[in-house]
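Survey of secondary and tertiary structure
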Amino acid sequence: QQLGEELRKYRLDANVTLVDAGHYLQRDQATISRIENGLVPARVADVMALLNYYCVDDTQVRANLEQISRDAWQRGWWDGYSKHAPAWMLDLAWRESRARHIRSFDPIVPHGVLQTEEYARALIAGNDPDANPARIEKWIELRMRRRQILDGGEPCQFDTVIDESVLRRRLGGAAVFKGQLERLLHLGDNSAVQVRILPININMHPAPGGSFALLDLPDPYPHVGHIDTVAGNLWVEGEEADAIAERYHRLESAALTPADSAAKIRQLLKELE
């Protein structure tokens, strides 16, 4: 999608029509349109040819689009779930796998990457009780595989602010919820993860609008914000992503430190017992 948007921008800047671009590549205009709409990946040779035709000489732009076009043809583990999960789930997994730093605010449930399998099962089955059980298991499997970004030699830095109310909502029952609290406590021992709790008794909530995540990707990809709403999942970048980053900074300032957050989780575990 990003590649298609960039190619469309440079085509319009050059005052070239879809028909002319198609003739230049010896393709029909429908093919160029599908490329620009992100429906099909463009071959690297075609991307470079179009940039020549559009008189795009900037070496950095050309290198960036060449890299993106090569990435578009690479398959990842998430592609195996294309028959079982909506496109936005695969898009999220792809971006998470590339991200060097993720920041999330979670006022309802912990971020999917932080969930235990039992907690995820209770959450997913409760959210869509009419879904096919086999499909639910695939969704859970996909969510568990997303957790691998926290492992390995160069794990993604993951910072999260979790509203205290999340840690008092015993989703899945006491045993399942206890396991989820223990996982959050264990993740706090990982140097790549920082868990902060936003106290329930603060006077002014810094982010009353709901959950979001910020993903910092390496060049040539932009830093993006992910917002999960009842109307669908939204991706934003540029000034909108910057505004979300500022909101996260305010949340982080209002939240407990990681050490105090761990103490809060231990307190809640004692209350469960």
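In case you missed it, the structure is sitting above this.
Let me sum up the structure you'll find in this document. (Residues numbered from 1 in each chain as written. Predicted model: local features only at pLDDT ≥ 70, side-chain atom pairs only at ≥ 80, totals over all residues. Heavy atoms only, no water.)

Bridge count for strand 5 (residues 224-229) against strand 6 (residues 232-237) is six bridges, and the pairing is antiparallel. Looking at the pairing, T229 lines up with G232 of strand 6. The turn joining strand 5 and strand 6, which pair antiparallel and follow one another in sequence, is formed by two residues. (Pairing = 2+ DSSP bridges. Helix = DSSP H or I, 4+ residues; strand = E, 2+ residues; numbered from the N terminus.)

As a further point, take the nonpolar core. Among the nonpolar cores identified, the biggest contains 70 residues, and V47, L51, L65, L150, L167, L181 and I265 are the most heavily contacted of them. Apart from the residues within four sequence positions on either side, L150 is in contact with V113, L114, P155, C156, F158, R183, L187, N190 and V193. F105, A207, I244 and L251 belong to the second-largest nonpolar core, a separate cluster that totals eleven residues. (Core = buried A, V, L, I, M, F, W, Y, C linked by side-chain atoms within 4.5 Å. Buried < 20%, exposed > 50% of the residue type's maximum accessible area, 1.4 Å probe, protein only. Contact = heavy atoms within 4.5 Å.)

Before going further, it helps to spend a moment on the layout of surface pockets. Considering only enclosed or pocket space, the largest pocket measures out at about 1,300 Å³ in volume. Along the wall of the largest pocket there are 38 residues; nearest its centre are Q1, Q2, A72, D91 and W94. In the lining of the largest pocket, the residues fall into 23 nonpolar, seven polar and eight charged. Roughly 990 Å³ of internal volume is contained in the second largest pocket. Forming the walls of the second largest pocket are 30 residues, and the residues nearest its centre are W88, V109, L123, R143 and D228. Across the lining of the second largest pocket, the residue classes break down as 15 nonpolar, nine polar and six charged. (1 Å grid on protein atoms, 1.4 Å probe; cavity = no way out; pocket = protein on both sides within 12 Å on 5 of 7 lines; lining within 4 Å. Points joined across faces, edges and corners; volume = space filled by probe spheres on them. Nonpolar A, V, L, I, M, F, W, Y, C, P; charged D, E, K, R; others polar.)

What follows is about the sheet that holds strand 3 (residues 193-198). If you walk across this open sheet you meet the six strands as 3-2-1-4-5-6, and the pairing is mixed. A single partner strand is all that each edge strand has here, and the edge strands are strand 3 and strand 6. On average, each strand axis in the sheet is tilted by 15° relative to the strand beside it, whichever way the strands run. Pairing analysis gives three bridges linking strand 4 (residues 212-216) to strand 5, with the strands arranged antiparallel. From the neighbouring strand, L215 faces strand 5, where its bridge partner is V224. (Axes fitted to C-alpha atoms, helices over the stretch in contact; angles between N-to-C directions.)

What follows concerns the packing of aromatic side chains. For the coordinates displayed, the defined rule picks out six aromatic pairs. Between the aromatic rings of Y24 and Y53, the centroid separation amounts to 4.2 Å while the plane-to-plane angle is 5°, which identifies the pairing as stacked. Taken together, the positions of Y24 in helix 2 (residues 18-25) and Y53 in helix 4 (residues 44-53) put the pair 29 residues apart, joining distant regions of the chain. Ring geometry for W77 versus W78: centroids 5.5 Å apart, planes at 70°, classification edge-to-face. Through pairs of rings, three or more aromatic residues link up here, namely Y24, Y53 and Y54. Here the basic side chain of K9 rests over the ring of Y10, its NZ or CZ set 3.8 Å away from the ring centre. One Lys or Arg, R95, reaches over the ring of W235 and ends 4.2 Å from the middle of that ring. (Phe/Tyr/Trp six-rings, centres within 6.5 Å; stacked < 30°, edge-to-face > 60°. Lys NZ or Arg CZ within 6 Å of the ring centre and 35° of its normal.)

On inspection of all chains with the given rule, the structure shows 17 salt bridges. Across the pair R121 and E137 runs a salt bridge, and its minimum N-O distance is 2.9 Å. In this pair, R121 is assigned in helix 7 (residues 117-127) and E137 in helix 8 (residues 133-146), connecting sequence segments 16 residues apart. (Salt bridge = Lys/Arg side-chain N within 4 Å of Asp/Glu carboxyl O.)

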